[in-house]
Amino acid sequence: MNKVYPDAKSALEGLTFDGMTVMSGGFGLCGIAENLIVAMRDSGVKDITVISNNCGVDDFGMGLLLQTKQIKKMVSSYVGENAEFARQFLSGELELEFNPQGTLAERIRAGGAGIPAFFTKTGYGTVVADGKETRQFDGEWYVMETALKADLSIVKAWKGDASGNLVFRKTARNFNPMMATAGRVCIAEVEELVEVGELDADNVHTPGIYVDRLIVGASFEKRIENLTTRSA
Amino acid sequence: MPLTREQLAQRAAQELRDGFYVNLGIGIPTLVANYIPAGMDVVLQSENGMLGLGPFPFAGEEDPDLINAGKQTVTEIPGTSYFSSADSFAMIRGGHVDLTILGAMEVSEAGDLANWMIPGKMVKGMGGAMDLVAGTKRVVVVMEHANKAGESKVLSECKLPLTGKKCVNLIITDLAVFEVTPSGMMLMEHAPDVTVEEIQAKTEGTFAISPDLKTIKVTCD
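Presented here is an overview of the structure given in this document. Treat the numbers as computed from the prediction; the structure is a model and nothing was measured.

### Considerations on the nonpolar core
Residues Leu113(B), Val168(B) and Phe178(B) are the most contacted members of the largest nonpolar core, which totals 56 residues. For Val168(B), the contacting residues outside a window of four places in its chain are Val107(B), Gly111(B), Leu113(B), Val139(B), Val141(B) and Val180(B). Ranked by size, the runner-up nonpolar core spans 40 residues in total, among them Ala11(A), Met20(A), Val45(A) and Leu152(A).

### What to know about the environment of Val196(A)
Residues and elements named next belong to chain A. Its location among the elements puts Val196 in the loop between β10 (183–194) and β11 (213–216). Overall, the relative accessible area of 54% leaves Val196 in the exposed class. Note: C-alpha distance between Val196 and Leu65 (131 residues apart in sequence) is 34 Å. Beyond its immediate sequence surroundings of up to four residues, Val196 is in contact with Asp161, Ala162 and Ser163.

### Looking at the pairing of strand β6 (residues 134–137) of chain A
Residue and element names in this part refer to chain A. Pairing geometry for β6 and strand β7 (residues 140–146), over four bridges, is antiparallel. When the bridges of β7 are listed, Thr134 appears paired with Val143. With antiparallel pairing between neighbouring strands as the criterion, β6 and β7 make up a hairpin whose turn holds two residues, including Asp138 at a positive phi of roughly 45 degrees.

### Examining helix α2 (residues 34–43) of chain A
Residue pairs spaced three or four apart in an α-helix point in one direction, given the helix's 3.6 residues per turn. Residues of α2(A) that are buried: Glu34(A), Asn35(A), Leu36(A), Ile37(A), Ala39(A) and Met40(A). Trailing α2(A) by a residue or two, Gly44(A) shows a phi angle of about 80 degrees, which is positive.

### Looking at the pattern of salt bridges
All chains considered together, the criterion is met by 26 salt bridges over all chains. A salt bridge links Arg223(A) to Asp59(A); the nearest nitrogen and oxygen atoms lie 2.9 Å apart. Residue Arg223(A) is located in the segment after β11, and its partner Asp59(A) is located in the loop between β2 (48–51) and α3 (63–67); the two are separated by 164 residues in the primary sequence. Residues Asp65(B) and Arg169(A) are paired through a salt bridge, measuring 2.8 Å at the closest nitrogen-oxygen approach. Of this pair, Asp65(B) sits in the loop between β3 (50–53) and β4 (76–82) while Arg169(A) sits in the loop between β9 (166–167) and α6 (176–182), placing the two residues on different chains. Arg169(A) sits in the partly exposed class, given a relative accessible area of 22%. Several salt bridges share partner residues, and in doing so they unite Lys156(A), Arg169(A), Glu191(A), Lys222(A), Asp63(B) and Asp65(B) into one network.

Calculation rules
Residues numbered from 1 in each chain as written. Chains lettered and ligands numbered in written order. Predicted model: local features only at pLDDT ≥ 70, side-chain atom pairs only at ≥ 80, totals over all residues. Heavy atoms only, no water. Core = buried A, V, L, I, M, F, W, Y, C linked by side-chain atoms within 4.5 Å. Buried < 20%, exposed > 50% of the residue type's maximum accessible area, 1.4 Å probe, protein only. Contact = heavy atoms within 4.5 Å. Helix = DSSP H or I, 4+ residues; strand = E, 2+ residues; numbered from the N terminus. Pairing = 2+ DSSP bridges. Salt bridge = Lys/Arg side-chain N within 4 Å of Asp/Glu carboxyl O.

By themselves, these observations are geometric and do not establish any function.
Structure, rendered in C-alpha cells:
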C-alpha cells in the first residue's frame, strides 16, 4: 500500500470544495501541517469551517487563511495570539465557536471513534452549557457534547511510512492523533518518510488505517511562538 | 504591604505537597515552579500533552516541538512523558491531577470563577481552564485583590461569564488568603502589615474570619 503523494498540492487534489469542514492539527504553531496549510490557501477554497485548537498567528499557520478570508467559521479553544482574528470576529466577518480545550479534544476523539455524543462536567453552569442537554450522574451535573467530524483532516507527524503509520515528536503530538481519526479523508505531512517496517510497531502513535494520503513536507519553518530561555 | 508577584507565587507554592501532579496556569501561576521546596517531588502537567515539565531551555537549546501550554519553550526531565491532548484532558477531567493553580479576573464567595472572557472586549477563549477547574481535585486561584480600576476581584457574585461554578477551593491575593468552605469564604491569612479592616474594606464579598488567623509567610521580595 502506497499512500505517498509527491507534494501538498497533489495530495489535496479532488478533496477541497467551498463550504468544507477541515480539521487542522497543532497547538499554537507547534505540530501544524505547515505545507498543507499553504496548499489549502493556494487552492483558493472558500467558506471553510476550520476545527483547530488555535488559529495560528497573523502571518503563519492557519492565520494565512484568515488573511485571505477563506475561513467562514472557526471552532477553537483559544485564539489569543491573532490580532486579525479578533478584528474579523468583532466586525462580524467571522463566525466563532469556542469549546473548552478538553471538550474540543474529546469531541474530535468521539467523532473518530463512532461515539455521537458524551457527557462532561466541563462547562456546567457556564455559557458553554447554554442550550445543551444536562444530566445528573451520581449526584454530579454533566453537559452533553456532540462529536465532531470533518471532510478533511490535515495533520503533522515527525515520521511516517508509505502505509500511513505515524510517529509524533514531543508536544507536537497534541491534537494530531485524534484529528487523523475524525476526517473523512486524512492527509498527513511528515518530516521524514521511512521504509515500511522501520518504525517500531510497538511505538506507532497513529496506525495507518486512519491516514489516506501522506506527503513529506517540502520545508519546515517550525516557528517558535514564545521563545523563553533561562540564563546560563 | 501587599504581596509582590514573586511573593504570591511563593505563597501559592505552599499549597504543593510531596507526590502531587500539578497543572500551573499562565502568568503568576507559572512562577510557582520556581518555589517548589527542595526535596519535594512535584510533577508538572502541561495540558497540551506533557507530564514532567522541565525548566526553560538555555538559549540555543530550544526545541520548537517542545512547548508548554503558554506556548513557551520548555525542556524535558528524566521521567517525562508525552501524550495527545485527548489523553491530557482525560487525565485532567478524570480527576488524576491533584492541584491546579490559576489566575482569575473574578472569584465569588461561593467559589465561582471567571477568568476567560470580557464580553465585547476580549476574544481569546477559555483554552483548558474550564476542564481544569471541573476536573482537578483542588483549585487554587492566585491573583491581585483588585483590578486595574481598583475594584475588588473577590465578589459576592461574579459579573463576568463563568469559567466554573463552585470550583475554587482557595483564593490567594496580594492582601489575603481565603478558604472557600460550603458556608462561604473564610479569611485564613493576611499579608504582613495588612489589617483585617483593610481587607474588609477592599473586598466586595463577605467572609468569616478564621479563629486561627495567620500572617502570610513569605521570604522573597
